[in-house]
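Survey of secondary and tertiary structure
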Amino acid sequence: MSVRTEETNYANIPNYYGDPTWLIHDRFGLFIHWGLYAAAARHEWVMNREKIHPDTYRKYFKHFEPDLYQPQKWAKAAKEAGMKYFVITTKHHEGFALWDSQLTDYKATNTPANKDLLKEMVEAFREEGLKVGFYHSLIDWHHPDFPIDGLHPQREDEAFKAKASGREIQKYREYLHGQVRELLTNYGKIDYLWFDFSYPHQDWGWSKGKGAEDWHSEELEKMIFELQPDIILNDRLDLGRGVVTPEQYQPNAPIEINDLPVLWEACQTLNGSWGYDRDNLDWKSVDMLVKMLIDTVSKNGNLLLNVGPNGRGEFDERSLETLQGIGQWMRLHSRSIYGAAASNFQAPVDCRYTQRGNRLYLHLFSWPFKHVHLKGLSGKIEYAQFLHDASEIHYKEHDPNEVITSTEWEIAPDSVTLELPVQKPNVT
Ligand code: JFZ
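Treat the numbers as computed from the prediction; the structure is a model and nothing was measured.

What follows covers the overall build of the protein. Helix and strand counts for the protein stand at twelve helices and 16 strands. Taken over the C-alpha trace, the protein has a radius of gyration of 23 Å; the compact-globule value for 428 residues is 22 Å, and the two agree within 12%. On the principal axes, the C-alpha backbone points of the protein span a range of 75 × 45 × 40 Å. The buried share of the protein, taken over its 428 residues, is 42%.

Structure (structure tokens):
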């Protein structure tokens, strides 16, 4: 079991958590949402949103045939995009197991796919040198004992009552713990476990608020650390600890509790849907995603960026193009991302700073002005260059406080990152 050092003293992880140094260094991971909903091709919540009965939803189980599935290609795409770890949905809310679980028949080996899809994926990503993360849904719309105990509008209907009656959460809990045990026993070293999700103060219509008492989170957590002592956990077990996971928004500043930084990771989609969503046209640009990554690192966070593979087992063209675009940026700029964190210097308007040791990176999100003024850097800069081509940047000492540099460059590259070795290391 790793012992945490001073530098990794984070507010929201207890002493026995694995060493998060790799996560903090790597900064950028791939989220993969893949399950039967890929066949429905209209969002991973389709079963719930369209109130599809599990018996009807079974058509996707029957026709799940990912004949083009080659996880080596996924791993390669992720690596080329600059991602250092991945998190795969072992089971999403629909309840379908991507692996050969001994605790259910609702699994990949019983579909036309006819194999343990998780096993190959884990091997492929490890082969490319990426760390392995499992997403696992606490919620289960398929399991016959997952409580339907909320204030559902149809709760008085006979059919609904019949469906909701006789459900024993104890049985579901055993199933949940059992499946987690399988996942952490049969696939080698797992680096990251990402539960989803608790909602103790919310009623989802079909289900009353659920949290630590329902999942027996403490007990679950104990088992997890027995099986995988170095694993990192996210914060959705309702225990008030783990990697904080703001969803589809960027916090304004580094997240802190009691003046201590917390480990946090933004999760973001490419197009607003996590599962493959065929008719969705709402794709984020490479430029926007790169800015999200920079913004995240400038606030001490990680970015977990999602792809929803399709029913044939492929990343669609649009996702691949986006990953390639990010990869092109990363090839030239990853030095400002890996091992980088927030800087104590305050970035000018429309800019972000990331800092790694004594290298300060100034990312200009836009530069409509003639000059950028860099506060607090007077007398501290040793040298300034563009990061993408290591060409020198001229700058002037402006007043005791500021350094200025012209932005009237002859060639304005798509994205501008300046690398400024500063004399005093000032990393947070
Ligand atoms: C959950 C899932 O429902 C969703 O399908 C996807 O897997 C995503 C990554 O996680 O969505 C959530 C979970 C928690 C919150 C919001 C959306 N939350 O706490 O605000």
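Right, let's get into the site of the ligand. For the ligand, the full set of nearby residues is Glu44, Trp45, Asp196, Phe197, Glu247, Cys267 and Trp274. When grouped by side-chain class, the residues that make up the shell around the ligand number four nonpolar, no polar and three charged.

Moving on, we come to the sheet that holds strand S2 (residues 85-91). If you walk across this open sheet you meet the seven strands as S5-S4-S3-S2-S1-S9-S8, and the pairing is parallel. Looking along the sheet, the strands with just one partner apiece sit at the ends: strand S5 (232-233) and strand S8 (265-268). Relative to S5, strand S4 (residues 192-196) is paired through two bridges, and the arrangement is parallel. Looking across to S5, one finds that Tyr192 is bridged to Ile232.

The next thing to look at is the sheet that holds strand S14 (residues 395-397). Spatially, the three strands line up as an open sheet ordered S12-S15-S14, and their pairing is antiparallel. Looking at strand neighbours, the two that pair on one side only are strand S12 (371-375) and S14, the edges of this open sheet. Across the sheet, the mean angle from the axis of one strand to that of its neighbour is 25°, orientation sign disregarded. Looking at chain direction, S12 and strand S15 (residues 402-406) are connected through five bridges and run antiparallel.

Across the interface, helix H8 (residues 169-185) lies against helix H10 (residues 217-227) with an axial gap of 10 Å and an inter-helix angle of 15°. With respect to H10, the element H8 is oriented roughly parallel. Like other packed secondary-structure pairs, H8 and H10 cross with a definite hand, here right-handed. Facing H8, whose interface residues are His177, Val180, Arg181, Leu184 and Thr185, H10 presents Leu220, Met223, Ile224 and Leu227. Tallied by class, the residues present in the contact of H8 with H10 amount to six nonpolar, two polar and one charged.

All right, on to helix H12 (residues 317-333) then. For H12, spanning 17 residues, the distance from its first C-alpha to its last is 24 Å, which sits close to the expected 24 Å at 1.5 Å a residue. Along H12, the residues classified as buried are Ser319, Thr322, Leu323, Ile326, Trp329, Met330 and His333. On an axial view of H12, the arc spanned by its buried residues comes to 120°, and they lie on one face. Residues of H12 that are exposed and point more than 90 degrees away from the buried face comprise Glu317 and Arg331.

We now examine the environment of Arg318. Examined against the element boundaries, Arg318 turns out to sit in helix H12. Residue Arg318 is classed as partly exposed on the basis of its 14 C-beta neighbours within 10 Å. Taking C-alpha positions, Arg318 is 8.3 Å from Trp283, a pair spaced 35 residues apart along the chain.

Atomic detail in the predicted coordinates should be set aside for any region of low pLDDT. Across the protein, the average pLDDT comes to 91, with 93% of residues at or above 70. Taken together, the stretch residues 424-428 has pLDDT below 50 and engages in 14 contacts with residues farther than four places along the chain or on a different chain.

Time to look at the UniProt feature "domain: Glycoside hydrolase family 29 N-terminal" (unreviewed entry) in the protein. Feature annotation in UniProt assigns "domain: Glycoside hydrolase family 29 N-terminal" (unreviewed entry) to the following positions: residues 20-333. Segment residues 20-333 splits into 36% helix and 13% strand. End C-alpha atoms: 23 Å apart.

Let us now look at the packing of helix H11 (residues 286-297) against H12. Packing of H11 against H12 brings their axes to within 9 Å, and their N-to-C directions diverge by 55°. Classified by the interaxial angle, the pair formed by H11 and H12 is oblique. Crossing hand, H11 versus H12: right-handed. Contacts between H11 and H12 involve Val286, Leu289 and Val290 from the former and Thr322, Gly325, Ile326 and Trp329 from the latter. Class assignment of the residues belonging to the contact of H11 with H12 gives a composition of five nonpolar, two polar and no charged.

Conventions adopted
Residues numbered from 1 in each chain as written. Predicted model: local features only at pLDDT ≥ 70, side-chain atom pairs only at ≥ 80, totals over all residues. Helix = DSSP H or I, 4+ residues; strand = E, 2+ residues; numbered from the N terminus. Rg over C-alpha atoms; globule rule 2.2 N^0.38 Å. Buried ≥ 20, exposed ≤ 12 C-beta atoms within 10 Å, placed from the backbone. Near = placed C-beta within 6 Å. Nonpolar A, V, L, I, M, F, W, Y, C, P; charged D, E, K, R; others polar. Pairing = 2+ DSSP bridges. Axes fitted to C-alpha atoms, helices over the stretch in contact; angles between N-to-C directions. Parallel < 35°, antiparallel > 145°, perpendicular 65-115°, else oblique. Left-handed = near helix turned anticlockwise from the far one by under 90°. Contact = placed C-beta atoms within 7 Å. Expected span 1.5 Å × (residues − 1). Arc of directions from axis to C-beta. pLDDT = per-residue confidence, 0-100. UniProt positions renumbered as here; feature names shortened; annotations may be inferred.

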